[in-house]
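# A look at the structure
What follows is each chain in one-letter form.
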Amino acid sequence: MPQMGVSVAEGTVVQWRKQPGDWVDADEAIGEVSTDKIDTEIPSPASGRVVEILVQVGVTVDCGVTLARIATGADRGAPAPPPPGAPPAPLTAPGEAPAARIAPPPPVAHVPGATSASPSPQPAAAGSSRPSAPAAHPAAPRPAAHAPSGHSRAADRPNGARGRAARRYSPVVLRIAEEHDVELEAIEGTGRDGRVRKQDVMAWVQKHGGERAGGAGAPDEPILHSESPYRPGAGGANLHGPYVAPEGRPLSRMRAMIGEHMHRSLQTAATCTTWIEVDMSRIEIARKQLGITALPLISRCAIGALMEFPHVNAWLENDAHVVHEQVNLGIAVDLGDDGLIVPVVRGAQDLSPEGLSRRIRDLARRARARQLTPDDVRGGTFTITNPGQFGSVMATPVISLPQVAILDVEAIVKRPVVVTDQFGEDAIAIRPMVILGLSWDHRAIDGALAARFLANVKKRIESYEA
């Protein structure tokens, strides 16, 4: 299972495009997987013949788990080998006709409480002088009559939905549907290929006023403030009763993975943060001229500073400071309740502000539509996070290991500042100001270098010419 972002802990196999015995070329899609953030194809790492499928469709496993095995030394023209564990095919004497093959009986679905009877052996083909060979391997049982978690049988859907491929749902969607007792088949999905997303389920719950799926007449649950010390049925008149803590909900796997990665970063890196105040007047002028947001312009200035201070555009792995010539710029994208992900703009040093704007918009759109590929979230050398779009004015970002620094862009706020004119006279003026924060790893760089880097970014922003 590929790793797709630091906050993605598991994935679900959606489809296998190859089966045991099939030939697959290197980089050819062998199957598809789905996570809470990304739906993607699985490229084959090498050419060869598929030997074994280890994880079946609909099964959710942790990142790093082996999904299938490929025989890379196989010959494309050679017949497919028998499945692992199958008995060898019977041999025939020279000149003797091969024994007739008997098709294995159709598998029978398992029904609890029922006993399976062995099918009576079929007679050998006419003209055969010896008993027919046994089946190469026992037939695999069919899935149980009930649909497994995360799937729905086409036969159980409304007539209009029959004949389509079974719908599958992410673990987050299944959890929310279970909490609200929602019938997922009743929801029209807005994701890729009609997939039901978390937003679809929450919109359905909100539209139906929190009504339980048990049908009309089901009692609505009273809504209480999250910090209310009272519970339903506790007797509202008892205003001074003992405080009853609300029941907690365990963290989702995604939230837990984000927390684990951030905690590991704080435990590993010697994190320090340096802030600088910047006048955004020229960026605001350029932004309006180019018809883009301030983020790609700030990114362009940061990239210029990274080219001048390459030790900030680096990784620290196993006490080795790896400095990169190419800037693979990570841009943190907020996914709401689903957490965050950091897609990467590769070769950002070669892009203009307009090009950066297009790439950032495309990555953000695909991130929120869960259309990123594993390559979209790997290999970042420096990250920019932009919480200022929500109005915050100062923050301490956490470094995304193995990178050595991350730039925080806060809200652009108009306020009075002291400015000096060309004659050296001071005056008070209204300027759009922003605070940029750089968190950096003291194991790799020092405070003086961090300050010079930020000063370089400030100089580029305040002297920017569109």
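Residues numbered from 1 in each chain as written. Predicted model: local features only at pLDDT ≥ 70, side-chain atom pairs only at ≥ 80, totals over all residues. Heavy atoms only, no water.

### Thoughts on the environment of Met202
- Note that Met202 resides in helix H2 (residues 198-207).
- Using a relative accessible area of 35% as the deciding quantity, one classes Met202 as partly exposed.
- Here the alpha-carbon distance between Met202 and Ile176, two residues 26 residues apart in the chain, equals 8.0 Å. (Helix = DSSP H or I, 4+ residues; strand = E, 2+ residues; numbered from the N terminus. Buried < 20%, exposed > 50% of the residue type's maximum accessible area, 1.4 Å probe, protein only.)

### Digging into the packing of helix H5 (residues 294-308) against helix H7 (residues 447-462)
- At a minimum axis distance of 9 Å, the contact between H5 and H7 shows a crossing angle of 135°. Between H5 and H7, the angle falls in the class oblique. In this structure, H5 meets H7 at a crossing whose hand is right-handed. For the pair formed by H5 and H7, the contact residues are Ile298, Cys301, Ala302, Gly304, Ala305, Leu306 and Glu308 on the first element and Phe453, Asn456, Val457, Arg460 and Ile461 on the second.
- Within the contact of H5 with H7, the residues separate by chemical class into eight nonpolar, two polar and two charged. (Axes fitted to C-alpha atoms, helices over the stretch in contact; angles between N-to-C directions. Parallel < 35°, antiparallel > 145°, perpendicular 65-115°, else oblique. Left-handed = near helix turned anticlockwise from the far one by under 90°. Contact = heavy atoms within 4.5 Å. Nonpolar A, V, L, I, M, F, W, Y, C, P; charged D, E, K, R; others polar.)

### Comments concerning the sheet that holds strand S1 (residues 10-16)
- Pairing is antiparallel in the open sheet, where four strands are placed in the order S4-S3-S1-S6. Across the chains shown, the open sheet's two edge strands, defined by having one partner strand only, are strand S4 (39-43) and strand S6 (60-62). When the angles between neighbouring strand axes are averaged without regard to direction, this sheet yields 40°.
- Here three bridges tie S1 to S6, and the two strands are oriented antiparallel to one another. Note on S6: the bridge partner recorded for Gly11 is Val61. (Pairing = 2+ DSSP bridges.)

### With respect to the sheet that holds strand S7 (residues 68-71)
- Pairing in this open sheet of three strands is antiparallel, and the strands run S2-S5-S7 from one edge to the other. Each having just a single partner strand, strand S2 (23-24) and S7 make up the two edges of the open sheet.
- Relative to strand S5 (residues 48-53), S2 runs antiparallel, the two sharing two bridges. When the bridges of S5 are listed, Trp23 appears paired with Arg49.

### With respect to H2
- Taken residue by residue, H2 has Lys198, Asp200, Val201, Trp204 and Val205 as its buried positions. On an axial view of H2, the arc spanned by its buried residues comes to 165°, and they lie on one face. Structural note: H2 exposes Gln206 and Lys207 on the side pointing more than 90 degrees away from its buried face. (Arc of directions from axis to C-beta.)

### Let's talk about unusual backbone geometry
- Residue Pro402 is reached from Leu401 by a cis peptide bond, and omega for that bond is 5°.
- Locating Pro402 in the fold gives a position in the loop between strand S15 (382-385) and strand S16 (405-409).
- The phi torsion at Asp27 lies on the positive side, around 70°, for a residue other than glycine.
- Of the residues examined, Asp27 reaches a relative accessible area of 64% and is grouped as exposed.
- In this model, Asp181 sits at a positive phi of 55°, which is unusual for a non-glycine residue.

### A word on the pairing of strand S18 (residues 426-441)
- Where strand S8 (residues 271-279) lies against S18, nine bridges are found, and the strand directions are antiparallel. Looking at the pairing, Glu277 lines up with Ile435 of S18.
- Where S16 meets S18, five bridges bridge the pair, whose relative direction is antiparallel. Looking at the pairing, Ile406 lines up with Ser439 of S18.

### A closer look at the confidence of the model for the protein
- When pLDDT is averaged along the protein, the result is 77, and 71% of the positions lie at 70 or above.
- A low-confidence stretch, residues 91-165 stays under pLDDT 50, and its non-local contacts, those more than four residues away or across chains, total 55 contacts.
- Here residues 210-239 scores under 50 on pLDDT; set against residues more than four positions off or in separate chains, the count is 29 contacts. (pLDDT = per-residue confidence, 0-100.)

### Digging into the pattern of salt bridges
- In total, this model carries 16 salt bridges according to the counting rule given.
- A salt bridge links Arg415 to Glu277; the nearest nitrogen and oxygen atoms lie 1.7 Å apart. Residue Arg415 is located in strand S17 (residues 413-420), and its partner Glu277 is located in strand S8; the two are separated by 138 residues in the primary sequence.
- A relative accessible area of 29% places Arg415 in the partly exposed class.
- For Glu277, a relative accessible area of 35% gives the class partly exposed.
- A salt bridge links Arg365 to Asp362; the nearest nitrogen and oxygen atoms lie 2.8 Å apart. Placement of the pair is Arg365 and Asp362 together in helix H6 (residues 353-368), with a separation of three residues, close to one helical turn.
- The class for Arg365 is partly exposed, based on a relative accessible area of 47%.
- Overlapping salt bridges bring together Asp362, Arg365, Arg366 and Asp376 as one network. (Salt bridge = Lys/Arg side-chain N within 4 Å of Asp/Glu carboxyl O.)

### So, the nonpolar core
- Ranked by size, the top nonpolar core spans 53 residues in total, and within it Phe382 and Leu436 carry the most contacts.
- A total of nine residues in this core trace back to one element, the largest contributor, which is H5.
- Apart from the residues lying within four places of it in its own chain, the contact partners of Leu436 are Thr274, Trp275, Ile276, Val278, Leu407, Asp408, Val409, Leu454, Val457 and Ile461.
- One finds Trp16, Val24, Val50 and Leu67 within the second-largest nonpolar core, a separate group that totals 13 residues. (Core = buried A, V, L, I, M, F, W, Y, C linked by side-chain atoms within 4.5 Å.)

### So, a nonpolar patch on the surface
- Taken together, Trp275, Val393, Met394 and Val413 make up a surface patch of nonpolar side chains, about 350 Å² in accessible area.
- In this structure, Met394 sits in the loop between S15 and S16. (Patch = residues over 30% accessible without salt bridge, like charges linked within 9 Å, V, L, I, M, F, W, Y side chains within 5 Å. Areas by Shrake-Rupley, 256 points an atom, 1.4 Å probe, with all protein chains shown as cover.)

### Topic: the packing of aromatic side chains
- Per the stated rule, a full pass over the model turns up two aromatic pairs.
- Here Phe309 and Phe453 contribute two aromatic rings whose centre-to-centre distance is 6.4 Å and whose plane-to-plane angle is 85°, an arrangement assigned as edge-to-face. Of this pair, Phe309 sits in the loop between H5 and strand S9 (314-317) while Phe453 sits in helix H7, and the two are 144 residues apart along the sequence. For the pair formed by Phe309 and Phe453, the shared burial category is buried. (Phe/Tyr/Trp six-rings, centres within 6.5 Å; stacked < 30°, edge-to-face > 60°.)

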